[in-house]
Structures are given as C-alpha cells and as structure tokens.
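Descriptive structure summary
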Amino acid sequence: MSPFSRGGLSLGFLAGKRALIVGLASARSIAWGISQAMRREGAELAFTYQNDKLKGRVEEMAAELGSKLTFPMDVAGDVEIDQAFSRLADAWDGLDIIVHSVAFAPRDQIAGNYLEVVNREGFRIAHEISSYSFAALAKASRRLMRGRNGALLTMTYLGAVRAVPHYNVMGLAKASLEANVRFMANDLGPEGTRVNAISAGPIKTLSAAGVSGFRKMLTHVEETAPLRRNVTIDDVGNAAAFLCSDLAAGITGEILYVDAGYSTVGMKLD
Ligand code: NAP
C-alpha cells in the first residue's frame, strides 16, 4: 500500500509529519506559502516569531492552520533558540521538518554599489542572521530530529551565485548559506536528516521591499524568464512541501531553483 493512502483514502503526502516554521511575518511571507502547502498535505505545524510585535499576528495565522504552537525565537541568540526547542519538545516528542525562512541585512547594505556600502558590521550581521542561524537551528534540533527521515529547508536567492544589483552583502550571505546546506547535509545524512534549499525568484514580501530597486527586478524577471511571469509563494510552498516529504527521500544537499526558469537564461530574446 502506498504510504500516502490508508483504507482507500488518499492522505496528504506530509501526513504524520511535524514541521516547525521559522520566518513567518505576514500573509506575503514565503513562509506562509510553505505553511499553507504543508498543512494542505497533512503536516502538523508549529511556528516561531522574532519578537512581541509579531506575536499576535503569528498566533492568528497559526490558528488558521490549526496550530496553537507558537514560540518566541530571535535567531540572533543561542539561549532563545534553545528555549524555543525545549518548549517545542514539551509539546512534541520528535520533529520531522524545519523551514528556515529568515534573512536580514541592515538597510544601508542593500542599496547602492557593493564596495561603497559594505562594511565589517553589515557583513557580520548579514552572515550571522541569514546563514549561521541555519546551522544554529540544526544544532539545537538535532536530538529531536535524529532518525526520523526528516528534512531541513532554507531559502536562498540567485544573488548567491551571480552579482545582482543592490543585493550586495546579502548575496555573500546566501553563498555562505548554500555552502551551509552542503556541509549540513553531509553531517546529518547519516542520521537520516536531509538538508536542502530553494532558490526562489523575487517575490514582493516585507524583506524584499528593503532591497533597493526591487520593483524593477520583478518587471525584468517577468519579461525575461522562460515562463514570462514571477513566481508566487504558492509555487515555492508546493516545492517546499515536496522537498520536505518522503517523495524527495533521495534528495539532499541540493539547491532547487523555483524561479520560472530565470536563472537558466543567458540572453533575453526580443
Ligand atoms: P519576510 O516575509 O519579511 O520574512 C523574513 C523573515 O525573517 C521575517 O519573519 C523576519 O522577522 C525574519 N527575521 C529576520 N531577522 C530575524 C531574526 N533575527 N530572528 C528571527 N527571525 C528573523 O520575507 P521573505 O521574502 O518571505 O523572506 C524569507 C526568506 O526567503 C529569506 O531568507 C529571504 O532571503 C528568502 N528569499 C526571498 C526572496 C524574495 O524575493 N522575497 C527570494 C529568494 C529568497 P521580522 O519581520 O520580525 O524581521
């Protein structure tokens, strides 16, 4: 019998999986598209929020998807990360999926010319919040996830491998994050945990609005990508649900592009 059906009834392909979503800020967040797709496929969800400002909103959105599990967690602090996982462990005896959908760089770092604006502090913050935090979550969750055929997923962008105007130090942080995916996949594979990333095309979210010239980027992708459109949080959500499910059991250390094909084009046709 297929693992996705019981008694002739078809179950979602994430039935029985428990997922922690880190990085939900609004209904435009990529994390919201992922949460909706994972819930639809039968996963139970828990959420974290960065600070009290977001608490109410995240609680409401969690409730919409049948979850009462929400915890504060600023990924800048190990104590707060440990506290969040210890509260999660009180509710769940194991964890199958972590979605890391978090990035940050000071605003002055993601406008203008890279070499003119980059500085030591901006470099440190971008790398710590956007890349190191993924390893920090893996370290803190290791005991809960071990031996469950689970999956860690993070969100990256083309700026990791191409120079993109204004993306600047965030591109360097994403390159580090993609290397993190490979090193973490190598460490956690023997424990039965897979580690992957989705490289999403530009989507208008709160964070994206901070990147100078973002609207131009959307127009350019729409005109250039093979599919002649921008991707949506649902496109990313569906790919994320697949990558974190047993359907993707053979995939780890991978960067999957969900970008309407933009990254595959060398030159735009008239
Ligand atoms: P978003 O809705 O603004 O989500 C970003 C999240 O990161 C927010 O929930 C934000 O919380 C959280 N965050 C920032 N610093 C944090 C910290 N110290 N501790 C905990 N959480 C923190 O934007 P998004 O576009 O969906 O971004 C999600 C991920 O997708 C990011 O990694 C981004 O780089 C990546 N991505 C986005 C695009 C795009 O075009 N939108 C494309 C490719 C990849 P606060 O709101 O409280 O700061």
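Procedures and definitions
Residue indices follow the written sequence of each chain, beginning from 1 at its first position. Under the rules for a predicted model, residues below a pLDDT of 70 receive no local features and side-chain atom pairs below 80 are neither given nor counted, while totals for whole chains, interfaces and linings still include all residues. Side-chain figures throughout are based on the complete set of non-hydrogen atoms in the structure, without hydrogens or water. Secondary structure elements follow DSSP: runs of H or I of four or more residues count as helices, runs of E of two or more count as strands, with numbering from the N terminus. A radius of gyration in this sense is built from C-alpha atoms; the matching globule rule multiplies 2.2 Å by the number of residues raised to 0.38. Only heavy atoms enter the contact rule, under which two residues are in contact if any of them lie within 4.5 Å. Here the accessible surface of atoms and residues is derived via Shrake-Rupley with a 1.4 Å probe, and residues count as covered only by protein chains that are part of the display. Working convention for charge: Lys and Arg count positive, Asp and Glu count negative, and His plus the chain ends are omitted. Positions of charges follow a simple convention, taking NZ of Lys, CZ of Arg, CG of Asp or CD of Glu. Multiplying one less than the number of residues by 1.5 Å gives the expected span of a helix. What the bend at a residue measures is the angle between two axes, fitted to the seven residues ending there and to the seven starting there. The rule is simple: take the accessible area with a 1.4 Å probe, protein chains only, and divide by the maximum for that residue type; under 20% is buried, over 50% is exposed, in between is partly exposed. Only heavy atoms are used to decide nearness, and a residue is near a molecule or strand if one of them lies within 4 Å of it. Counted as a polar contact is a pair of N or O atoms within 3.5 Å, where, for protein atoms, one must be capable of donating a hydrogen and the other of accepting one, and residues adjacent in sequence contribute only when both atoms are in side chains. As a working rule, the residues Ala, Val, Leu, Ile, Met, Phe, Trp, Tyr, Cys and Pro are called nonpolar, Asp, Glu, Lys and Arg charged, and the rest polar, with Gly in that last group.

Moving on, we get to the overall build of the protein chain. From N to C terminus, the protein chain includes eight helices and nine strands. Against the compact-globule benchmark of 18 Å for 270 residues, the protein chain has a radius of gyration of 18 Å, which places it among compact chains. Along the longest, intermediate and shortest principal axes, the C-alpha atoms of the protein chain span 55 × 45 × 35 Å. At a minimum sequence separation of 6, the contacts of the protein chain that also span at least 24 residues come to 74%. Roughly 13,100 Å² of accessible area belongs to the protein chain as shown, and the carbon and sulfur atoms make up 52% of that amount. Looking at the protein chain, you have 29 positive and 28 negative side-chain charges, and the mean spots of the two groups are 1 Å apart.

When the terminal C-alpha atoms of helix α5 (residues 120-145) are compared, their 35 Å separation across 26 residues agrees well with the 38 Å that a helix rising 1.5 Å per residue should span. Its maximal kink placed at Y132, α5 deviates by approximately 45 degrees. Of the residues one or two after α5, G147 is the one with positive phi, at around 70 degrees.

What follows concerns helix α6 (residues 169-188). Residues separated by three or four positions in an α-helix point in the same direction, a consequence of the helix having 3.6 residues per turn. The first and last C-alpha atoms of α6 sit 28 Å apart over 20 residues, in line with the 28 Å expected at 1.5 Å per residue. All of the buried residues in α6 are V169, M170, G171, A173, K174, L177, E178, N180, V181, M184, A185 and L188. Taken together, the buried residues of α6 touch β6 (97-100), α4 (114-117), α5, β7 (151-156), β8 (194-200) and β9 (255-258).

Around the ligand there are 28 residues in total, and S29, Q50, D74, T205 and S207 lie nearest to it. Within the backbone of G23, one N or O atom sits 3.2 Å away from an oxygen atom of the ligand. Between the ligand and the protein, one listed contact pairs a nitrogen atom with a backbone N or O atom of V75 at 2.9 Å. When the ligand sits alone it has 870 Å² of accessible area, and the protein chains cover 89% of it. The class makeup of the residues in the shell around the ligand is 18 nonpolar, eight polar and two charged.

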